[in-house]
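Structural features, examined
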Amino acid sequence: MFPVISEAVKGVKITMGPPFFNQVNVPIGLALLLITGVCPLISWRRASAKNFRKNFLFPLSLSLLAGILLFIVGIRHLYAWLSFVLCTFVFIAITMEFYRGTKARRELAGKGYLSSFVNLISKNRRLYGGYVIHLSMVMIFLGITGSSAYQQEKEATLMKGDILKIKDFTLRYDKLEESSDMHKVTVAAKLTVSNNGKTVTHLTPEKRFYRAQEQPTTEVAIWSNFKEDLYAILVGIDTDGSATFKIFVNPLVAWIWAGGFGLCLGTAIILWTERRLWRRS
C-alpha cells in the first residue's frame, strides 16, 4: 500500500523493490520465528526466573553450540546464520514440549512411548497441532534461508559434448532433439548431470513453439532432493547446434514443500478437534 499512500500524500507514486522488502521483512520474519520457540517455553501465569532457567537453558545452550559449528563450517551470511540458529532453538524447544508431554503421559498411563505420544496428541489436539505448525514453520524458514542466501547461478553457451560446472555438479550437453504435434514444435536439450564424478540424473529443458502464438515458452527441467534443487533452463538455440543454458542451484527448497505439508497436517489435527466439538454441540 505504500505506493498508493505516497501518491495520496505527496502526489508522487514511490515504488519499492526487493532490497527494501528484504531489509524490512527479514528482521520481522526472524522475530516471528523466535517467538514460535519462546512462547511454548513460557509457562502461562508461572513465568518466574526459575522456570525461565529451567526451560530455556538447554535449548539456548544447544543453539549457541549450533551457531559456533555453523560459523566453523563456513556459514558467514549474517541473516542466514541467525536464521539457522533460531531454527535450531525453535526445533529443540518444540521437541522438548513433545518429549515432556509424552514422558508425563507414559508415567501416568504406564504405556510405551509411541502409545503415549499418540495419546498425548489425541487428547490435546489444539495444543500439539499448533506445535506441529511451529515445526513446519521451522522447515519453511530453513528452505527460504538456504534458497535465498546460497543460491548459485551460471549461464553458458555450449556445443554438443561441452560441460558446465556449478557447485558440485557437472552438466554435459549431449544433444538437441526436435518433435512436433498439431499444436506445437518442441526443441529439447539433453543434459547428463554428474555430482562429484557420479551420474545422478538426466535433464531435458525445452523450448515450445506453439502454432497459435508468436512467443515460445520455456519448460524448466528440475532435479530435487532434500539438500538442493538443480534447475536447467534452455535460454536459446543456434543454427550450429549450440545452446545457451541458465543453471540454478537452490539449496533446501524441498524443506519449504515439507513445511507446507506439515502446515496442512497441523491444521488437520486442530480442525479435527473443532469438528468433534461442533458435533457434540
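Structure: above.
Thresholds, definitions, all that
Residues numbered from 1 in each chain as written. Predicted model: local features only at pLDDT ≥ 70, side-chain atom pairs only at ≥ 80, totals over all residues. Heavy atoms only, no water. Salt bridge = Lys/Arg side-chain N within 4 Å of Asp/Glu carboxyl O. Helix = DSSP H or I, 4+ residues; strand = E, 2+ residues; numbered from the N terminus. Buried < 20%, exposed > 50% of the residue type's maximum accessible area, 1.4 Å probe, protein only. Pairing = 2+ DSSP bridges. Axes fitted to C-alpha atoms, helices over the stretch in contact; angles between N-to-C directions. Disulfide = S-S within 2.5 Å. Patch = residues over 30% accessible without salt bridge, like charges linked within 9 Å, V, L, I, M, F, W, Y side chains within 5 Å. Areas by Shrake-Rupley, 256 points an atom, 1.4 Å probe, with all protein chains shown as cover. Phe/Tyr/Trp six-rings, centres within 6.5 Å; stacked < 30°, edge-to-face > 60°. Lys NZ or Arg CZ within 6 Å of the ring centre and 35° of its normal.

Re the pattern of salt bridges
Within the structure shown, the criterion is met by 10 salt bridges. A salt bridge links E97 to R100, with the nearest nitrogen and oxygen atoms 3.2 Å apart. Taken together, the positions of E97 and R100, both in helix α4 (residues 78-109) and three residues apart, correspond to about one turn of that helix. On the basis of relative accessibility, which here comes to 31%, the residue R100 falls in the partly exposed class. Among the ionic pairs, E155 bridges to K246, the shortest N-O distance being 3.8 Å. Separated by 91 residues along the polypeptide, E155 in strand β1 (residues 152-158) and K246 in strand β10 (residues 243-251) bring together distant segments of the chain. The class of E155 is partly exposed, set by a relative accessible area of 47%. According to the relative accessible area criterion, K246 is partly exposed, its value standing at 24%.

Description of the sheet that holds β1
The sheet built from four strands is open, its strands ordered β1-β10-β9-β8 with antiparallel pairing. Two strands bound the open sheet, and with one partner strand each, they are β1 and β8 (221-224). Going from strand to strand, the sheet's axes swing by 15 degrees on average, the running direction of each strand aside. Strand direction decides the pairing type here: β1 and β10, joined by seven bridges, are antiparallel. Bridge assignment links E155 to a residue of β10, and that residue is K246.

Quick notes on the state of the cysteines
Overall, the coordinates contain zero disulfides when judged by the stated rule. Not engaged in a disulfide, the cysteine C39 finds its nearest cysteine sulfur in C87; these two sulfurs lie 16 Å apart. For C39, a relative accessible area of 44% gives the class partly exposed.

Looking at a nonpolar patch on the surface
Together, F58, L62, L65, I68, L69, I72 and V73 make up an exposed nonpolar region whose accessible area comes to about 690 Å². Among the structural elements, I72 can be located in helix α3 (residues 49-73). Its relative accessible area of 60% is what places I72 among the exposed residues.

Remarks on the packing of aromatic side chains
Inspection of every chain in the model, using the stated rule, returns eight aromatic pairs. Relative to Y131, the ring of Y128 lies with its centre 5.4 Å away and its plane at 85 degrees, an arrangement referred to as edge-to-face. You can see Y128 and its partner Y131 sitting in helix α6 (residues 125-149), three residues apart, about one turn around the helix. Under the relative-accessibility criterion, Y128 is labelled buried at 7%. Look at F226 and W255: their rings are 5.4 Å apart centre to centre, the planes differ by 75 degrees, and that puts the pair in the edge-to-face class. Residue F226 is located in the loop between β8 and β9 (228-237), and its partner W255 is located in helix α7 (residues 253-280); the two are separated by 29 residues in the primary sequence. Judged by its relative accessible area of 27%, W255 falls in the partly exposed class. The ring of F71 has R76 sitting right over it, with the charged end atom 4.0 Å from the ring centre. Over the ring of Y113 we find R106, and its NZ or CZ is 4.5 Å from the ring centre.

Keep in mind these values describe shape, not function.
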